[in-house]
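Given next are the chains, with one letter for each unit.
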Amino acid sequence: MRVSRGETWLAAAGVPVAAASVAMAVLSLPGPAAALLAGGVLAAHGGLLWRCTRPVLSFAVVSAGFVAQLAATGLLLVLPSVAAFPLAVYSLVGYAPRRAAVAGVAAGVLGAGIAATRFATDPSVTAAGWRPSLPLVAGLLVAVVLAAASLGRYRRAERALADARDRSRRRAAATAERTRIAREMHDVVAHSLAVIVSQARGGRYLVVAEPDRATGVLGTIEDAGRSALTDLRALLGVLRAPGAEDPTPAPALADLPRVLDTVRAAGLDVTYQTSGEPRAVGALGELALVRAVQEGLTNTLRHADRPTRATVELRWDPDRVRLSVRDDGRGGTAGEGAGLLGMRERFAAAGGAVTAGARPAGGFAVEAELPYPDQAATA
């Protein structure tokens with residue numbers, strides 16, 4: 001949720017506005033009416049605290065506050081806090097689901113008509129010698145509501161455009177990086193394998209005809225393979241985080257307890273369960289499993305709302321291993337983030353699959369399955 005700096009300052013400016021409105025209410029009306037008016041002012045301004053994060057709730061609270069103020073006096077329209085309502089309309093249109101925004105604007109137009117009628121017929125207004133025109137006041141208030149809704153639509157479009165640009169930049173960067181790495185890996189592997197195949201072809205004849213020279217050919221093959229391995233390690237090292245230390249061995253399932261201990265140290269209660277007879281899944285498969293656990297638990301710590309525990313389950317079935325990472329928080333990340341895309345690519349490369357999303361009973365779950373190498377080969 002993007003909240004601009006200007007909107008933050010605008011919310012902060014509501015504090016003196018609310019204070020001024022409460023002071024005017026206390027000085028202008030008798031005790032019970034002043035208390036009702038002051039309570040409505042505080043409720044309306046308090047509701048603005050969630051206007052960007054929970055716009056529907058914010059609009060409901062602000063509307064309830066204004067109903068209380070209208071019940072107290074028609075002089076509501078001259079209080080500084082009247083600006084809270086169009087601000088709530090703006091936030092509802094800018095941040096809430098479209099259907100809720102339409103309903104809110106309709107309620108705002110209706111409320112503007114009611115407020116205009118209350119103002120034009122209030123005894124405290126007519127006693128002061130005012131003769132406000134009901135159509136004029138109603139038209140003015142409706143115009144304010146529609147103007148706030150228009151600004152909200154602009155804010156919604158602005159956010160959508162910014163999100164689209166961010167997604168486009170991420171996709172372009174990922175595509176460019178993948179293309180570059182694929183091209184460089186192709187060059188390294190193609191060159192090294194060409195040397196190895198060429199030397200091995202000649203070595204087949206030298207083993208019989210000239211055994212002494214065959215030893216040199218095998219040395220050349222060894223050097224080419226070692227050079228290719230070094231180049232590949234250096235190339236894959238660019239995928240590590242900037243500033244990382246020297247490349248370290250890829251994590252394996254033996255490192256999973258250490259990963260879980262790290263997450264527990266961050267404050268999350270993690271339960272680890274395993275069943276069945278473990279089987280070999282290869283280095284790529286072990287890397288995919290460990291990274292999926294890391295990403296799932298990291299998402300819980302970063303994005304879930306008040307999680308208390310998580311469960312990691314590794315089940316070794318006859319034909320494949322199944323992984324489950326679940327938490328009991330709310331929220332989570334169900335979108336196509338870099339972490340989820342990385343998990344899917346790793347499992348796809350090893351012949352497996354990943355799904356992630358919110359659980360019906362609450363919380364977030366990452367489910368993955370990976371066939372054993374011998375099963376994948378015969379599939």
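Residues numbered from 1 in each chain as written. Predicted model: local features only at pLDDT ≥ 70, side-chain atom pairs only at ≥ 80, totals over all residues. Heavy atoms only, no water.

Novice: Got a sec to walk through the packing of helix H4 (residues 84-95) against helix H5 (residues 98-121)? Specific residues and values, please.
Specialist: Close contact between H4 and H5 brings their axes to 8 Å; oriented N to C, the two are set at 160 degrees. Judged by the inter-axis angle, H4 sits roughly antiparallel to H5. Here H4 runs over H5; the crossing is left-handed. Taken together, the residues of H5 that come into contact with H4 (itself represented by Phe85, Val89, Leu92 and Val93) are Ala100, Ala101, Gly104, Val105 and Gly108. Taken together, the residues of the contact of H4 with H5 break down into seven nonpolar, two polar and no charged. (Axes fitted to C-alpha atoms, helices over the stretch in contact; angles between N-to-C directions. Helix = DSSP H or I, 4+ residues; strand = E, 2+ residues; numbered from the N terminus. Parallel < 35°, antiparallel > 145°, perpendicular 65-115°, else oblique. Left-handed = near helix turned anticlockwise from the far one by under 90°. Contact = heavy atoms within 4.5 Å. Nonpolar A, V, L, I, M, F, W, Y, C, P; charged D, E, K, R; others polar.)

Novice: Would you mind going over the sheet that holds strand S1 (residues 269-276) in detail, with residue names and values included?
Specialist: Strand order in the open sheet made by the five strands is S1-S3-S4-S7-S6, with mixed pairing throughout. Where the open sheet ends on each side, the last strands, each with one partner, are S1 and strand S6 (353-358). Across this sheet, the average inter-strand angle for adjacent strands is 10 degrees, counted without regard to direction. As paired strands, strand S3 (residues 309-316) and strand S4 (residues 320-327) are joined by seven bridges and run antiparallel to one another. The residue bridging Leu314 from the neighbouring strand is Leu323, located in S4. Along the sheet face, helix H9 (residues 256-265) touches S1 and S3 and points at about 155 degrees away from the line of S1. (Pairing = 2+ DSSP bridges.)

Novice: So what's going on with the pairing of S3? Which residues, and what values?
Specialist: A one-sided burial pattern is seen for S3, the buried positions being Ala310, Val312, Leu314 and Trp316 and the unburied ones Arg309, Thr311, Glu313 and Arg315. Where S1 lies against S3, eight bridges are found, and the strand directions are parallel. For Asp269, the partnering residue across the bridge sits in S3 and is Arg309. Connecting the antiparallel pair S3 and S4 is a turn made up of three residues. (Buried < 20%, exposed > 50% of the residue type's maximum accessible area, 1.4 Å probe, protein only.)

Novice: Please give an account of the packing of helix H3 (residues 55-72) against H4 that cites residues and values.
Specialist: In contact at an axis separation of 9 Å, H3 and H4 are set at 160 degrees when each is read in the N-to-C sense. Between H3 and H4, the angle falls in the class roughly antiparallel. For the crossing formed where H3 meets H4, the hand is left-handed. Across the interface between the two elements, Pro55, Val56, Phe59, Val62, Ser63 and Phe66 of H3 pack against Ala84, Phe85, Ala88, Val89, Ser91, Leu92 and Tyr95 of H4. Here the contact of H3 with H4 is built from residues that sort into 11 nonpolar, two polar and no charged.

Novice: Can you break down the side chain of Ser324 residue by residue, with the values?
Specialist: Position of Ser324 relative to the elements: it lies in strand S4. A polar atom in the side chain of Ser324 sits 3.0 Å from the side chain of Arg326. A polar contact of 3.3 Å, which involves the side chain of Ser324, links it to the side chain of Glu367. Residues contacting Ser324, with those up to four places away along its chain left out, are Thr311, Val312, Glu313, Val366 and Glu367. (Polar contact = N/O pair within 3.5 Å; in protein donor to acceptor, adjacent residues only side chain to side chain.)

Novice: Explain the packing of aromatic side chains to me, using residue names and the numbers behind them.
Specialist: Per the counting criterion, the structure on display carries three aromatic pairs. For the pair Trp316 and Tyr372, a centre-to-centre distance of 6.3 Å together with 5 degrees between the ring planes defines the contact as stacked. In this pair, Trp316 sits in strand S3 while Tyr372 sits in the loop between strand S7 (364-371) and helix H12 (373-378), placing the two residues 56 residues apart along the sequence. Owing to a relative accessible area of 0%, Tyr372 belongs among the buried residues under this scheme. An aromatic cluster of three or more residues is present, and its members are Phe59, Phe66 and Phe85. (Phe/Tyr/Trp six-rings, centres within 6.5 Å; stacked < 30°, edge-to-face > 60°.)

Novice: So what's going on with the pattern of salt bridges? Which residues, and what values?
Specialist: Tallying each qualifying case throughout the model produces 10 salt bridges. For the salt bridge of Glu158 with Arg155, the shortest nitrogen-to-oxygen distance reads 2.5 Å. Residue Glu158 and its partner Arg155 are located together in helix H7 (residues 134-209), separated by three residues, close to a single helical turn. By relative accessible area, which is 35% here, Glu158 ends up partly exposed. Taking relative accessible area as the criterion, Arg155 reaches 8% and is therefore assigned buried. A salt bridge links Arg320 to Asp319, with the nearest nitrogen and oxygen atoms 3.3 Å apart. Members of the salt-bridge network, linked through shared partners, are Arg315, Asp317, Asp319, Arg320, Arg322 and Glu369. (Salt bridge = Lys/Arg side-chain N within 4 Å of Asp/Glu carboxyl O.)

Novice: Could you give an account of H5, with specific residues and numbers?
Specialist: When the terminal C-alpha atoms of H5 are compared, their 35 Å separation across 24 residues agrees well with the 34 Å that a helix rising 1.5 Å per residue should span. The set of residues buried in H5 consists of Ala101, Gly104, Val105, Gly108, Ala112, Ala115, Ala116, Phe119 and Ala120. (Expected span 1.5 Å × (residues − 1).)

Novice: Help me get a handle on the environment of Tyr90, residues and values and all.
Specialist: Looking at the secondary structure, you find Tyr90 in helix H4. The class for Tyr90 is buried, based on a relative accessible area of 14%. Note: C-alpha distance between Tyr90 and Ala148 (58 residues apart in sequence) is 4.8 Å.

Novice: Tell me about the environment of Tyr154, and please be specific about residues and values.
Specialist: Among the structural elements, Tyr154 can be located in helix H7. Residue classification places Tyr154 among the exposed residues on the basis of a relative accessible area of 57%. Considered as a pair, Tyr154 and Tyr90 are 64 residues apart in the sequence and their alpha carbons are 9.5 Å apart.

Novice: Outline the confidence of the model for the chain, supporting the account with residue identities and numerical values.
Specialist: In the predicted model, the chain carries a mean pLDDT of 77, and 71% of its residues have values of at least 70. Below a pLDDT of 50 lies the segment residues 1-6, which in the model reaches 14 contacts outside its immediate sequence neighbourhood of four places, other chains included. (pLDDT = per-residue confidence, 0-100.)

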